Amino acid sequence: MGLPAALWGPLGLLSSLALHAALGAHPHRDYCVLGAGPAGLQMAAFLHRAGRDYEVFERAPAPGSFFTRYPRHRKLISINKRYTGKTNAEFNLRHDWNSLLSPDPRLLFRHYSRAYFPDAGDMVRYLRDFADRLGLHVQYNTNIVHVTLEKDRQAWNGHYFILTNQKGQLYRCSVLLVASGLSVPNQVDFPGSEYAEGYETVSVDPEDFVGQNVLILGRGNSAFETAENILGVTNFIHMLSRSRVRLSWATHYVGDLRAINNGLLDTYQLKSLDGLLESDLRDLAIVKDAKGKFHITLKFFLEETNASQSADSIPLPQDNSDNFAMRVAYDRVIRCLGWNFDFSIFNQSLRLSSGGEFSKKYPLIRASYESKGSRGLFILGTASHSLDYRKSAGGFIHGFRYTVRAVHRLLEHRHHGLAWPHTAHPVSQLTDSIIRRVNEASGLYQMFGVLADVVLLKENATVFEYLEEFPMQMLAQLETLTGRTAKHGLFVINMEYGRNFSGPDKDVFFHDRSVGHTEDAWQSNFLHPVIYYYRHLPTEQEVRFRPAHWPLPRPTAIHHIVEDFLTDWTAPVGHILPLRRFLENCLDTDLRSFYAESCFLFALTRQKLPPFCQQGYLQMQGLASTESLRKHGVESGLLPDYATTGQVLEDGSQQPGDREPGGHLPATGHLIQSLDSSKQEL
C-alpha cells in the first residue's frame, strides 16, 4: 500500500508500525485449534497431513496438561488391551481406548504402557511424542483469554474469529476448532458448600484421612476414585448424590461407574460401615460446629433460624428423627461433582450457551459438531459429548478420535472442495463390503448410534459408493456435506444395543439375555449391526420427528444381524446368508458369485443375469480376478508368476491378475473378496 514519505523520517518506522497495528495486521491462520490435548492433537494431525494452514494454541508448556493433574489418583479408566489375537490394526483399535489415529505404528499406546488401566503419566508421554513425531504446529505457553468475531464478507464463513492471548497478541482465524475440554469444576450452591474441599485440590495422601469420618458429594468415577484411595484408612465414607448409582456394565456407557472404582459398593452392601445416600444437595445445608466438625441439616431449618444464632444451636434433622441417616458428624466433606465447559473466554456474540441447565456444562452444537450460534466454530473432544451423553463414547478418546475425523472430512469438502472419501464397487461385492466393515471397523463399534457407514446406490443399482463413519443425525444433509449424490437409494449401517436391554434399572444378567436364532435377530440385546434401507434420502423433518428411541427415521426396510458372543459376524448361515437375502430383496437382484459355467447357463435361460455375471462373464473375464486369487494360483502351480518374471503373452495380452503399469491390477479385476472369505457362495 502507498504510505506517505513522511512516515520514513526520524520517527517514520514507529509511525508505520503504529499504522500497521491500527489496520489490524495480526497473524492469520485458516484453522485455529484451542488446546493441545488428545482432541486438539488429533485434529492437528489431520490438518497437518492434508497440508492445511493451522496452528494449535496451548496454555501449558507441553501437550496433555490435563493429564498432568487428572485423574488425581493417576489411574486411567480407559482400557489398554495389548493383545486380541488379531493382526488387523483397525480391529485392534476397537479395544485400544487410548491411541490417536495416525499412520505411524509407533504411535500406538500399547508401546507406552503394559498396564490394562494405564497411569496418567503414560498418557502425557504419549501425547508429547504424538505432537513431536508428527511435527505438529503447536504454540505452547499461549493462553487464549478472549475470543470474539470480526465480520468480513470475504471470510469463509462471513466472519473471522479474533483470538487474544495473555500478552494481548491477536490472531485471526477463518475456522475455530475448540478442543479445550471441560475444565471448570462443577459446584452446587447451597448453605455451607464453602466447607467442601474440591476434588481438584483435596489431598491424595491416605495418611491425611486416617481415622476420619468422610462425606463425599457426587456419584461419578471421580467420587468413587477418591473413595477407593482412602477406603482402608477412614472410619467410614458416606457418599451423597441426588442420582442413583449408574454402573457402566448395566448402562453400556463408559462414563458411568466402572468396576475398577466400585469397592465402596461392596462395603456398603456388605454393611461394613460405608454407605450411599440419595438427596438433592440444594435441599441440604452443611453446618460447622465449635469443634470443627461438619453436620448435615435441611436448608429449610437453616432458613427458619435466626442468623445471629451460633452453629451449635441450629436445628438438625435428628432433633426430630433420632434415626436420621446422616446424624453423625463428619471430619471432611469432599466435592466430586464433575466438570463444566469454560465459557468465560468467549464473547457473547458467539452464542455458545443458551443459559439452560444442560448448556452450562456443554456448548450448544449441531450434529455436525458445529456451534449453533457461530458458523465455522466447531467443538471437539470431551466438550462435544452433549450429542451422545450417556449414549455413546463421544466424550472419550476412543470415541472422539473418530468424530474429529468426521469434522475434518466435513471441512475438507466445505472449504477445499474435496468430497467425502469413498470406495466404489460393483454391487456384487455389497455383502462382502458390509460384512468386512461390521467385523473390523472401530469407529462404527465405538460410536454406535452416532457414526454410521452409508452405501449410496448408483443408477440401476449395478455399482455402489461406500462412505465410512458419517454423522447419522446429519443424514438429511448428506449430499450437501459430502459432495456425493443419493438419488437411487441408500443403505445405512449402524451398530446398536437392544432398545430395552440397558439402563440403571435393568438386570443385564438375566438368564435368557442372549439371542441366537436369526429369526429373532431384531430382539438382539448386545451390540450388533443394523442395516437401514431407504429408497430416497430422508428429509430433515423426517430425521427430526423420527420415532422415539429410533436413531433414524423409519426406513423402507430394516435388517438386524443377530448378536454374536464373539462379535464375529462371519457365520455363513447365521450372519451372511440372511444379510445377502435382505440386500437382494431390497435391490431385486441376485448378489451371489458364480463360476463361468453357471453364468453361461444363465445367459441361455434367463432374461436378467445376476450382477456378478454381468460384470464378469459377459465381459469375457470368467471368474473375476483378485490379487489373492492370483497369488493362490501361483502358489498352487496353476499359474506362472508373471509379476516377477515380467513375461508377456505372445499376443501382448496380460494374464488375469497381472499388474498394469504403475503396479495396479486391471480395472476389471477390482474385487474386495478373497478366497478365504468365499462364504458368500451360499
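Residues numbered from 1 in each chain as written. Predicted model: local features only at pLDDT ≥ 70, side-chain atom pairs only at ≥ 80, totals over all residues. Heavy atoms only, no water.

As recorded in an unreviewed UniProt entry, the protein chain goes by the name FAD-dependent oxidoreductase domain-containing protein 2, listed as coming from Cavia porcellus. Within the UniProt record for the protein chain, the comment given under Subunit (unreviewed entry) is "Interacts with SEL1L. May interact with OS9 and DNAJC10. Interacts with TXNDC16." On record in UniProt, under Cofactor (unreviewed entry), the comment for the protein chain is "FAD". (UniProt positions renumbered as here; feature names shortened; annotations may be inferred.)

A.B. asks: Before we move on, can you summarise the overall build of the protein chain with the specific residues and values?
C.D. replies: Scanning the protein chain from N- to C-terminus turns up 18 helices and 22 strands. Counting every position in the protein chain, which comprises 682 residues, the buried fraction comes to 51%. Long-range contacts, defined as pairs at least 24 residues apart, comprise 65% of the intrachain contacts of the protein chain with a sequence gap of at least 6. As displayed, the protein chain has an accessible area near 32,900 Å², and 51% of this comes from carbon and sulfur atoms. (Helix = DSSP H or I, 4+ residues; strand = E, 2+ residues; numbered from the N terminus. Buried < 20%, exposed > 50% of the residue type's maximum accessible area, 1.4 Å probe, protein only. Contact = heavy atoms within 4.5 Å. Areas by Shrake-Rupley, 256 points an atom, 1.4 Å probe, with all protein chains shown as cover.)

A.B. asks: Explain the packing of aromatic side chains to me, and be specific about the residues and the numbers.
C.D. replies: Within this structure, the stated rule accounts for 25 aromatic pairs. Between Phe66 and Trp339, the ring centres sit 6.3 Å apart and the planes meet at 75°, which makes this aromatic pair edge-to-face. Of this pair, Phe66 sits in the loop between β2 (54-57) and α3 (89-93) while Trp339 sits in strand β15 (residues 339-340), and the two are 273 residues apart along the sequence. Owing to a relative accessible area of 38%, Phe66 belongs among the partly exposed residues under this scheme. On the basis of relative accessible area, Trp339 is assigned to the buried category, the value being 16%. Each ring, one from Trp420 and one from Phe470, has its centre 5.3 Å from the other, and the planes form 70°; the classification is edge-to-face. With a gap of 50 residues between them, Trp420 in the loop between α9 (397-416) and β17 (422-426) and Phe470 in strand β19 (residues 463-471) connect regions that are remote in the sequence. As far as the burial class goes, Trp420 and Phe470 line up, both buried. An aromatic cluster of at least three residues, connected via ring pairs, comprises Phe66, Phe67, Tyr70, Tyr199 and Trp339. One cation-aromatic arrangement involves Arg499 over Trp550; the distance from NZ or CZ to the ring centre is 4.5 Å. Across the ring face of Trp550, the terminal group of Arg554 is positioned such that the distance to the ring centre comes to 4.9 Å. (Phe/Tyr/Trp six-rings, centres within 6.5 Å; stacked < 30°, edge-to-face > 60°. Lys NZ or Arg CZ within 6 Å of the ring centre and 35° of its normal.)

A.B. asks: Go over helix α4 (residues 120-133), please, and point to the residues and values.
C.D. replies: With 14 residues, α4 extends 20 Å from end C-alpha to end C-alpha; this agrees with the ideal 20 Å at 1.5 Å per step. Taken as a whole, α4 has its buried residues at Ala120, Asp122, Met123, Val124, Tyr126, Leu127, Phe130 and Ala131. Residues of α4 that are buried sit in contact with α2 (38-49) and α9. Gly135 sits one or two residues past α4 and shows a positive phi near 65°. (Expected span 1.5 Å × (residues − 1).)

A.B. asks: Run through the side chain of Ser524, naming residues and quoting values.
C.D. replies: Its place among the elements puts Ser524 in the loop between β20 (490-496) and β21 (528-534). Assessed through its relative accessible area of 2%, Ser524 is described here as buried. A distance of 3.1 Å separates the side chain of Ser524 from the backbone nitrogen of Glu563, its partner in a polar contact. Ser524 has contacts with Gly498, Val515, Val562 and Glu563, leaving out every residue within four places of it along the chain. (Polar contact = N/O pair within 3.5 Å; in protein donor to acceptor, adjacent residues only side chain to side chain.)

A.B. asks: Just give me the short version of the state of the cysteines, but keep the residues and values in it.
C.D. replies: In a disulfide, the sulfur atoms of two cysteines are held together by a covalent bond. In total, this model carries one disulfide according to the counting rule given. Covalent S-S linkage joins Cys32 and Cys173, the inter-sulfur distance amounting to 2.0 Å. On the sign convention where negative is left-handed, the bridge of Cys32 and Cys173, at about -85° about the S-S bond, is left-handed. Here Cys32 is found in strand β1 (residues 28-34), whereas its partner Cys173 is found in strand β6 (residues 170-178), with 141 residues between them in sequence. Take Cys32: its relative accessible area is 0%, and that puts it in the buried class. (Disulfide = S-S within 2.5 Å.)

A.B. asks: Could you give me a rundown of the pairing of β19, with the residues and numbers involved?
C.D. replies: The element β19 is extensively covered by neighbouring structure, given that seven of its nine residues are classed as buried. With five bridges joining them, β17 and β19 adopt antiparallel strand pairing. When the bridges of β19 are listed, His425 appears paired with Phe464. In this sheet, β19 lies alongside strand β18 (residues 451-457) in antiparallel orientation, the contact comprising six bridges. Paired with Leu457 across the strands is Phe464, a residue of β19. From the end of β18 to the start of β19, which pair antiparallel, there are five residues, and Asn460 there has a positive phi angle of about 70°. (Pairing = 2+ DSSP bridges.)

A.B. asks: Any chance you could break down the sheet that holds β21 for me, citing the residues and the numbers?
C.D. replies: Ordered by their spatial adjacency, six strands build an open sheet running β17-β19-β18-β20-β21-β22, and the pairing between neighbours is antiparallel. Of all the strands in the sheet, just β17 and β22 (557-560) have a single pairing partner and so form its edges. Ignoring which end each strand starts from, the neighbouring axes of this sheet average 20° apart. Where α9 meets the sheet, it contacts β18 and β19, and its direction lies at approximately 120° from that of β19. Running at roughly 20° to β19, helix α10 (residues 430-440) makes contact with β17, β18, β19, β20 and β21 of the sheet. (Axes fitted to C-alpha atoms, helices over the stretch in contact; angles between N-to-C directions.)

A.B. asks: Describe helix α5 (residues 221-230), listing the residues and the values that go with them.
C.D. replies: Among the ten residues of α5, eight are classified as buried, and the element is accordingly described as predominantly covered. Among the residues making up α5, those that are buried are Asn221, Ser222, Ala223, Phe224, Glu225, Thr226, Ala227 and Ile230. Where α5 is buried, its residues meet β9 (213-217), β10 (236-241), α7 (263-269), β11 (275-278) and β14 (332-335).

A.B. asks: Go over unusual backbone geometry with me, naming the residues and quoting the values.
C.D. replies: With an omega of -5°, the peptide bond running from Tyr70 to Pro71 counts as cis. Mapping Pro71 onto the fold places it in the loop between β2 and α3. The phi dihedral of Tyr369 is positive, around 75°, even though this residue is not glycine. Mapped onto the elements, Tyr369 comes out in the loop between β15 and β16 (377-379).

A.B. asks: Outline the pattern of salt bridges, supporting the account with residue identities and numerical values.
C.D. replies: Pairs can form between side chains of opposite charge once their charged atoms are near each other. Under the criterion given, the structure shown has 20 salt bridges. Salt-bridge contacts for Asp122 lead to Arg125; the nearest nitrogen and oxygen are separated by 3.3 Å. Of this pair, Asp122 and Arg125 both sit in helix α4, separated by three residues, roughly a single helical turn. For Asp122, a relative accessible area of 17% translates into the label buried. The salt bridge partner of Arg437 is Asp453, with a shortest N-O separation of 2.6 Å. Of this pair, Arg437 sits in helix α10 while Asp453 is found in strand β18, placing the two residues 16 residues apart along the sequence. Here the salt bridges share partners, and the residues they tie into one network are Arg405, Arg437, Asp453, Glu468 and Glu469. (Salt bridge = Lys/Arg side-chain N within 4 Å of Asp/Glu carboxyl O.)

A.B. asks: If you had to explain the sheet that holds β14 to someone new, which residues and values would you point to?
C.D. replies: Sheet strands pair via backbone hydrogen bonds, and the direction of the pair is either parallel or antiparallel. Spatial strand order, β8-β14-β9-β10-β11: five strands in an open sheet with parallel pairing. Both edges of this open sheet fall to β8 (197-198) and β11, since each of them pairs with a single strand only. Of the strand pairs in this sheet, β10 and β11 are connected by four bridges, and their pairing is parallel. In the strand pairing of β11, Met239 is matched with Leu276. Where α5 meets the sheet, its contacts fall on β9, β10, β11 and β14, and the angle it forms with β10 comes to roughly 175°.

A.B. asks: Explain the packing of α2 against α4 residue by residue, including any values.
C.D. replies: To characterise two packed helices, one gives the angle between the axes of the helices and the distance between these axes. Between α2 and α4, whose axes approach to 11 Å, the crossing angle comes to 20°. Classified by the interaxial angle, the pair formed by α2 and α4 is roughly parallel. Crossing angle aside, the handedness with which α2 passes α4 is left-handed. Of α4, the residues touching α2 (which contributes Pro38, Leu41, Gln42 and Ala45) are Leu127, Phe130 and Ala131. Looking at the contact of α2 with α4 residue by residue, the class counts come to six nonpolar, one polar and no charged. (Parallel < 35°, antiparallel > 145°, perpendicular 65-115°, else oblique. Left-handed = near helix turned anticlockwise from the far one by under 90°. Nonpolar A, V, L, I, M, F, W, Y, C, P; charged D, E, K, R; others polar.)

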